[in-house]
Structure formats: C-alpha cells, structure tokens
Amino acid sequence: MPFLDHLSLGQYVPANSFVHSLDPRCKVLGVMALITSIFVASASPWPYVIWSAFAVFLCALSKISIKNVLISTKPAIVLVVFTVIVNLFFAEGKELFRISFISITKEGLLAGVKMGLRLYFLILFANMTMMTTSPLELSDGIESLLTPLKRFGVPAHEFAMMMTIALRFIPTLLEETDRIMKAQLARGADLDSGGIVKRLKAFMPVLVPLFVIVFQRADELAVAMEARCYRGGVGRSRMKPLHWTAKDAISLTMVSVICLGGVVLDRWMS
Amino acid sequence: MSLEVCNVSYTYHKDTPLETKSLNDVSFHVEPGEWVAVVGHTGSGKTTLAQMLNGLIFPSSGEVIVDGLKLYPKAPHLKSVRRKVGLAFQYPEHQLFAETVLDELMFAPRNFGMPEDEAMAHIKKILKAFELDEKILLKNPFDLSGGQKRKVALASIVVMKPVYLVLDEPTAGLDWKGQEMLLSMLKTFKDNGTGIIQITHDIEMVLDNCDKLLVLEDGRRRSWGPPAHVVEELADRPAKGLVFPDVLEMSLSLRRAGLNVSLTWSEEKLVKDIEKEVFSCPS
C-alpha cells in the first residue's frame, strides 16, 4: 500500500527552473492576482482557455510535467465534485430533467460547472506555487508582504513562523501516518473495506498514535526553539534575505496582464 | 517452506522528479528456524525490503514468495501472509493505541480471527518470555516505561504466532542490557522454529547470532551468505557505512602485515592465532 508513492498536494519539488528562481513574493502576488481574476471572470469559457494555456506554460517554465501537476491535485477532485453537486441541486431555473424529487436545472448545471472550474483552477495555481517554492521561502515571502501591516498590530512574524512550522511538518506527519498505517496493517488491521462508520472505527489505531506523536513533536520543537533562544521576530536577522529583481517585476507584470486580459475577454465575450 | 525474495527492485515516486531507486535486483531467502541479518548504510533500502516481506509494498520488478504464495496487490492470501510474516517497525512502541495492554495484545489476534481463549493462553506465554508480569495487562500502555512499551509492542506482533519475524532495527534506543535481552529472546524464537530477519546497520551485533548475512549497498546486494563468507568477501573493500568490529579490524590488519591469523571477530580465537604465530616463529 504505497500511501506516499505519489506527489501530494502542494509538495515542494526542487528543480533548477525559472519559476523556482523567482522571488516568493512575486509568486504569492501572482497567484493572488490569478485567483482574483478567476473569481471575477467566469461568465464565458474563454478565460479558462487562457488560464489553461498559462498553466501549461508555467509547467514548461518550472520543469514539472503537466501529468505530475495534475496527479498532485487529485485529492482536491472530491472537493470540486462536491461543489459541482451542491450547485447542481440547489439552483432554480429551467428544468432539464428530474431524478425523483431532485430537479436538475440548466442554470444549476452551468453554475456547478463554473464553480467547479473556478475552484479547480484556484487549487491548481496555488498548488503550482507550492510545488515551486520551498516552505521556508514561502513563509519568508508572506512575512515580508505582511510587514507593512505590523503597524496595525498584525503579528506578521508570528504568523509566518506558524506557517513555516505547519508547512515543514506536513511531509513529516504524512510519513508518520504512512508508517503507523503500515504497522497496523502488518497486525491485520483492515483500513480499506466497509462503510464510513467501519472505516472511521478502523482508523482509531492510526489516529491515536498519530496524535500522541504530534503532541510529542510539538513539545520537543518548543523546547528546541527555547534552547536556541528563540524570542520572536525582534532583532532577528536572515540567512537568505529576499531580493526583488527585474525578472520578478517583469514576471508579475506579465501575470497581471494575463489576468486583466482574462477579465476583459470575459466581459467582452459575455 | 521458505520466504524467497527473487530479483526485487523498487522505485519510489516513479515517473516524478522525486524518483528514487531504493532496491535494485536483490535476492535472498529465509527458512523457518533460520536467522538472517540484513545490514547496510542509511538509505541502502533495508526498510523498503522489510515492508516488501509483509506485503505492505510490492516490488516494481521481481517477486516475493512466502511459503509458495506470491505477493501482489489485492492478493486473496495477503492477510494470511501478513499473519505468517510478523513485521516490527523501528520504534514499534509508536504504534501503541489501545486503552489497556490486553487490548493492545489482542488487536492482531482479533484481526486475524484467532479464538479469544487460544489468544489469551498465548499472550500469557509471551508475557513470560518477555519477562512481563500479568498485572501489566490491565495497565494503560502509555503509562509504561520506554523499555516496557517496546516489549509490549513486540509482544503484540509475536502474539500472531508468525512463522517469520521481520524486525527493523529492533534494538534502536535500547540500552546494552535491553539489547542483550532482546537478542536472547530472538534466539529462543529461532530455536522454536521462527525465521528471524533482523534489519540493522550494526554488523557487530549480528555476527555472532545470525546464520546468514545480507549486505546492501545503495539498494544493491553487495554480499550474501554465512557471516564468515561475507566478512571474507568484504575484507578488501568494505561496504559503504559498514563498521567492522575492532577484533575483526585487527585480524585484518595482522593478515595484511603478513601474519597467518584467521579472519575472525572472536577475541579468544584471535589471541590463540596470535599465540600460535608467535610461538611458531623461529627465535
């Protein structure tokens, strides 16, 4: 049961590519611009063509195959399908067909597909950002972007540190989960069959040790940080300071133009 | 009856940028009542191999056959093979979850459909072998000491009455006394007919106990056979990350210096050989 034998959602893939070399702030701002445009422009199908082409272009630039990017977004498909179904059932309009008491409308179908596509593209671009940015760079970038908000009392450093720790421990916890699952499978546990209740019950031997390990690790990490005199962001220097260069500015401008193009095309076509 | 590993290879994250070949064309076999030690450096593929023996992962190529049954995904005999091949991961105490030690020990027998009274009788025997008091059965496993937790975790695997017992670094984190106790217990299991597959990076610990040694290097089989044969084979070019015992290193140095001593890790034997050499020298 190779639980971890594929790329997981948001897993960092080290590579020597143009996208990897960009400043994390450029990538965070870029993905925010893309997400905004995806939610603003969705009346016509044309912006999706642009974003699909852009995603393919990004794959080529980041030296990560399209297949791998798509495989890593597989866990999000459940959420997308759920969104489509919810929209499908609860929109009023011209009835297309009826299953028992559930009426499927044309408006519902369109809204479901639109919402599903929006959500999928959102996940796709966020995933590509995380695949090309190490967790440390990502939190450094977010901290830097949040720094102006410090004067309004936003704890930028603490927020970034929390994010770093959370992101850093995701692969470790996945590995632990995999190990515990395998250990219980080796003792005859049946984690794959039966209904939801049976499966949830079967997962107790995995969840209990996992929680124990999580709390142990959190405790150990807190002690290790204290032992190394961690006292928040005050007076803290950086080993790798961020550098905003011309290529970051050009890349962000290009992404903004593409986003704007998507919105304009959407308004024009609809 | 044997556990056969035939030309197995395994690749993690196949067809992704994180692709890593963990095992490459490895073969060996274990009979019941035989002790095989798998040694190698960190990342040599030892743990991957251990997981394959229990059908937790399946080879990218090659075969694992347990008593004539080939392992493959969703094989109908997978559960019965998992009962035959007990697998203890490194730090097995991390898998404890039940409210009482009794529930923990009954977990595997219940999963494998072993009758309760038969399991209970076996648990009592196992507790004795692990030098644990029966009173421990009602305790919460999380309240036990580190050494007791390790014993309970191992007991929860042995309770399945496995024909083969695979142990991934079973002595990790134990003190010298704990290691001695565990090794002597494994000897008892071996004498009772259980095939032992011990995975370790410490060759010194297993040289005296094991019948055969499999040395892995970068996922490949570097050497395989009885300890004396393996040591002879590795004498000129030791395997990566493998540290020979001091006595063995000394016997190697003496041989290189021209003395006729046997390649041994036994202190007494080396002393005898040196004495023989010294006294046979013409004065």
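Please refer to the structure higher up on the page.
Everything quoted here is computed from the prediction, not taken from an experiment.

Parameters and conventions
Residues numbered from 1 in each chain as written. Chains lettered and ligands numbered in written order. Predicted model: local features only at pLDDT ≥ 70, side-chain atom pairs only at ≥ 80, totals over all residues. Helix = DSSP H or I, 4+ residues; strand = E, 2+ residues; numbered from the N terminus. Buried ≥ 20, exposed ≤ 12 C-beta atoms within 10 Å, placed from the backbone. Contact = placed C-beta atoms within 7 Å. Arc of directions from axis to C-beta. Axes fitted to C-alpha atoms, helices over the stretch in contact; angles between N-to-C directions. Parallel < 35°, antiparallel > 145°, perpendicular 65-115°, else oblique. Left-handed = near helix turned anticlockwise from the far one by under 90°. Nonpolar A, V, L, I, M, F, W, Y, C, P; charged D, E, K, R; others polar. Pairing = 2+ DSSP bridges.

## Here we look at unusual backbone geometry
Phi is positive for Cys229 of chain A, close to 60°, though the residue is something other than glycine. Considering the arrangement of structural elements, one finds Cys229 of chain A in the loop between α10 (204–227) and α11 (246–269). Look at Asp25 of chain B: it is not a glycine, yet its phi comes out positive at around 55°. Relative to the helices and strands, Asp25 of chain B resides in strand β2 (residues 20–30). The exposure class of Asp25 of chain B is partly exposed, given the 13 C-beta atoms found within 10 Å.

## Concerning the interface of chain A and chain B
Across the contact, 24 residues belong to chain A and 25 residues belong to chain B. Going through the elements one at a time, α8 (156–186) and α10 of chain A are the ones with two or more residues in the side of chain A that touches chain B.

## Brief notes about helix α8 (residues 227–234) of chain B
The set of residues buried in α8 of chain B consists of Val230, Val231 and Leu234 of chain B. Projection of α8 of chain B onto a plane perpendicular to its axis shows the buried side chains occupying an angular sector of 100°, all on one side.

## Looking at the packing of helix α3 (residues 46–62) of chain A against α11 of chain A
All names here are of chain A. At a minimum axis separation of 8 Å, α3 and α11 run at an interaxial angle of 160°. Taken together, the axis directions place α3 and α11 in an arrangement best described as roughly antiparallel. For the element pair α3 and α11, the recorded crossing hand is right-handed. Here Trp46, Pro47, Ile50, Trp51 and Phe54 of α3 come into contact with α11, specifically with Ile258, Gly261, Gly262, Leu265, Asp266 and Met269. The residue inventory of the contact of α3 with α11, partitioned by class, reads eight nonpolar, two polar and one charged.

## Quick word on the sheet that holds strand β7 (residues 164–168) of chain B
Residues and elements named next belong to chain B. The sheet built from six strands is open, its strands ordered β6-β7-β8-β3-β9-β10 with mixed pairing. With partners counted over all chains shown, the strands left at the sheet margins are β6 (85–88) and β10 (220–225), one partner each. The average angle at which neighbouring strand axes cross in this sheet is 15°, direction not considered. With five bridges connecting them, strand β9 (residues 212–217) and β10 associate as antiparallel partners. From the neighbouring strand, Leu214 faces β10, where its bridge partner is Trp224. Taken strand by strand, α8 contacts β9 and β10, and its axis lies near 130° from that of β10.

## Remarks on the environment of Cys210 of chain B
All names here are of chain B. With respect to the element layout, Cys210 can be found in the loop between α7 (203–207) and β9. Through-space distance from the C-alpha of Cys210 to that of Gly173 is 21 Å; in sequence the pair is 37 residues apart. Excluding residues that lie within four positions of it along the chain, Cys210 makes contacts with Trp35, Val36, Ala37, Gln198 and Pro227.

## Considerations on the sheet that holds strand β4 (residues 61–66) of chain B
Residue and element names in this part refer to chain B. Ordered in space as β2-β1-β4-β5, the four strands form an open sheet in which the pairing is antiparallel. Strands with a single pairing partner mark the edges of an open sheet, and in this sheet they are β2 and β5 (69–70). Relative to β5, β4 runs antiparallel, the two sharing two bridges. Bridge pairing in β5 links Val66 to Leu69.

## Details of the pairing of strand β3 (residues 35–40) of chain B
Residues and elements named next belong to chain B. Most of β3 sits out of view: six of its six residues are buried. Taking every second residue as pointing to the same face, both faces of β3 are buried, with Trp35, Ala37 and Val39 on one and Val36, Val38 and Gly40 on the other. Inspection of the sheet shows β3 paired to strand β8 (residues 195–200) by five bridges, in the parallel sense. Across the sheet, the residue bridging to Val38 is Ile199, located in β8. Here β3 runs beside β9; their pairing, made up of five bridges, is parallel. Across the sheet, residue Val36 finds its bridge partner in β9, namely Lys212.

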